[in-house]
Amino acid sequence: MQGIWMEGEEREEAGADHIHRLPGSLVMEAEGVTDSFGDRGHRKWKKVVYGGMQSGFEDNHTDTSFLEALVMNANVVKRDTWTAMRDSVVISQYVCVVANAAAVWTFSLNGVLGSSLLFILDALLLLFGFVVLSLTTGSISSTVLLKYALYFAYFVSGLYVLAPVFQTLTRSISSDSIWALTVFLLIVHLFFHDYTDSSIRPPALDVTMRASSLIPETSQVATVNLAKNLAVKKPTTLSGNVSLNASIVASVLVASRLPSRLLVFALMLFSSELFLLFPLVTHCIKQYSIKLHLWFSCTLILVTMCLIFPLNRLALVLFVAVVVFIMLVCPYWLIRIQEYKFEINGPWDEAKLCFDLD
């Protein structure tokens, strides 16, 4: 037993001698590891996006300097009441367009508007749109005018051929279902309509001819800038296509309840001009002059009220309430809730490129 005990002590002493005889580099590395975790509070943390975890700190570690780049309400746009009211005119204007279409549809269904009067109204709308485009965007060359006149003839011919199909399309459906679906489609049309831009582009315009006319120089500059802005091709959006298709389907549903094929053709032509070309006309007026846009909007509201008044007094009150809510209540509401908007930006935000990859 004593020999075994002495042998164990010799082994322990030999192990201790072996530890003390470790190489100096390993001892320094071990001490360095200890020091790196020991003086963690004396090291300075750096914000590194790429490069891995910093020595002595956790991967998600942050210190007080992390919030030094905090920015509050950097992208909040300050609005005033007049600007908000002026921008809301576009929505009220298109509500008037839909109300005018519904009024003309009602007059046609009641027999007040015949096919001859509706054809005259179609011609006046087409002439009005042509005059506005000529005055606001520049003179249209004869070649472009002839090309688009040919396109319009093709379109009118297609409507005339399809008029009998439109008239008998919903013969097996009850009228209540037709009216309910028409109102629903008009609401969808209003909600999904693109109020910032027109869904179609004007034809190629000869701006040089406009500059040589007897017009003030400021108007010439505005016309050239408008033509350049309208010439920029913008991609169509899904909401814009949904809105346009909803208006066309609503027009077809109403036209299917008319008594004659000629009246169906005239009503479909009126609806196509109103929903396709009228947004382009109003967009050109707004880009050309804000004052002209406001005067035109006020005139359109008055015309709409005159059309609704013979139909239903309650509908007139509802229309006026909607216009007042859009043009007065909503801008005031927006200005009041603007003070509660709070936005923070900091180093945790996703990086954004300051240039276009295309």
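Residues numbered from 1 in each chain as written. Predicted model: local features only at pLDDT ≥ 70, side-chain atom pairs only at ≥ 80, totals over all residues. Heavy atoms only, no water.

1. A word on the packing of aromatic side chains
As enumerated under the stated definition, the model contains seven aromatic pairs in all. Judged by centre distance (5.6 Å) and plane angle (50 degrees), the ring pair of Phe-119 and Phe-265 falls under tilted. You can see Phe-119 sitting in helix α4 (residues 115-137) and its partner Phe-265 sitting in helix α10 (residues 261-288), a full 146 residues away along the chain. Here Phe-119 falls in the partly exposed class, since its relative accessible area comes to 26%. Looking at Phe-265, the relative accessible area reads 7%, which means it is buried. In textbook terms, an aromatic cluster arises when at least three aromatic residues are bridged by ring pairs, as seen for Phe-119, Tyr-160 and Phe-265. (Phe/Tyr/Trp six-rings, centres within 6.5 Å; stacked < 30°, edge-to-face > 60°. Helix = DSSP H or I, 4+ residues; strand = E, 2+ residues; numbered from the N terminus. Buried < 20%, exposed > 50% of the residue type's maximum accessible area, 1.4 Å probe, protein only.)

2. As for helix α3 (residues 81-109)
For α3, spanning 29 residues, the distance from its first C-alpha to its last is 42 Å, which sits close to the expected 42 Å at 1.5 Å a residue. Of all the bends in α3, the greatest measures close to 25 degrees and is centred on Val-89. The N-capping residue of α3, defined by a side-chain oxygen 3.4 Å from the backbone nitrogen of Trp-82, is Asp-80. Gly-111 lies just past α3 and shows a positive phi near 85 degrees. (Expected span 1.5 Å × (residues − 1). Bend = angle between axes of the 7 residues up to and from the residue. Polar contact = N/O pair within 3.5 Å; in protein donor to acceptor, adjacent residues only side chain to side chain.)

3. Observations regarding the confidence of the model for the protein
Put simply, the protein has an average pLDDT of 75, and 65% of its residues get 70 or more. A low-confidence stretch, residues 204-224 stays under pLDDT 50, and its non-local contacts, those more than four residues away or across chains, total 24 contacts. (pLDDT = per-residue confidence, 0-100. Contact = heavy atoms within 4.5 Å.)

4. Topic: the nonpolar core
By size, the foremost hydrophobic cluster in this structure holds 50 residues, and its most contacted members are Trp-105, Leu-118, Val-264, Leu-267, Met-268 and Phe-319. Listed by contribution, the elements that provide at least two residues to this core are α3, α4, α5 (142-167), α6 (175-192), α9 (238-255), α10, α11 (290-308) and α12 (313-338). Ranked by residue count, the leading element in this core is α10, at 13 residues. The residues touching Val-264, leaving out its near neighbours within four places in the chain, are Ala-163, Phe-166, Gln-167, Ala-255 and Leu-258. (Core = buried A, V, L, I, M, F, W, Y, C linked by side-chain atoms within 4.5 Å.)

5. With respect to a nonpolar patch on the surface
Nonpolar side chains collect at one region of the surface, where Val-320, Val-324, Phe-325, Leu-328, Val-329, Trp-333, Leu-334, Ile-337 and Tyr-340 lie side by side and expose about 850 Å² of accessible area between them. Relative to the elements of secondary structure, Leu-328 occurs in helix α12. On the basis of relative accessibility, which here comes to 45%, the residue Leu-328 falls in the partly exposed class. (Patch = residues over 30% accessible without salt bridge, like charges linked within 9 Å, V, L, I, M, F, W, Y side chains within 5 Å. Areas by Shrake-Rupley, 256 points an atom, 1.4 Å probe, with all protein chains shown as cover. Salt bridge = Lys/Arg side-chain N within 4 Å of Asp/Glu carboxyl O.)

6. Brief notes about the side chain of Thr-182
Tracing the sequence through the fold places Thr-182 in helix α6. Accessibility expressed as a relative area gives 5% for Thr-182, which makes it buried. Not counting residues up to four positions away in its chain, the partners in contact with Thr-182 are Trp-105, Ala-250, Leu-253 and Val-254.

7. Points about the side chain of Ser-271
If you trace the backbone, Ser-271 turns up in helix α10. There is a polar contact of 3.4 Å between the side chain of Ser-271 and the side chain of Ser-251. Those residues in contact with Ser-271 that sit more than four places away from it in its chain are Trp-105 and Ser-251.

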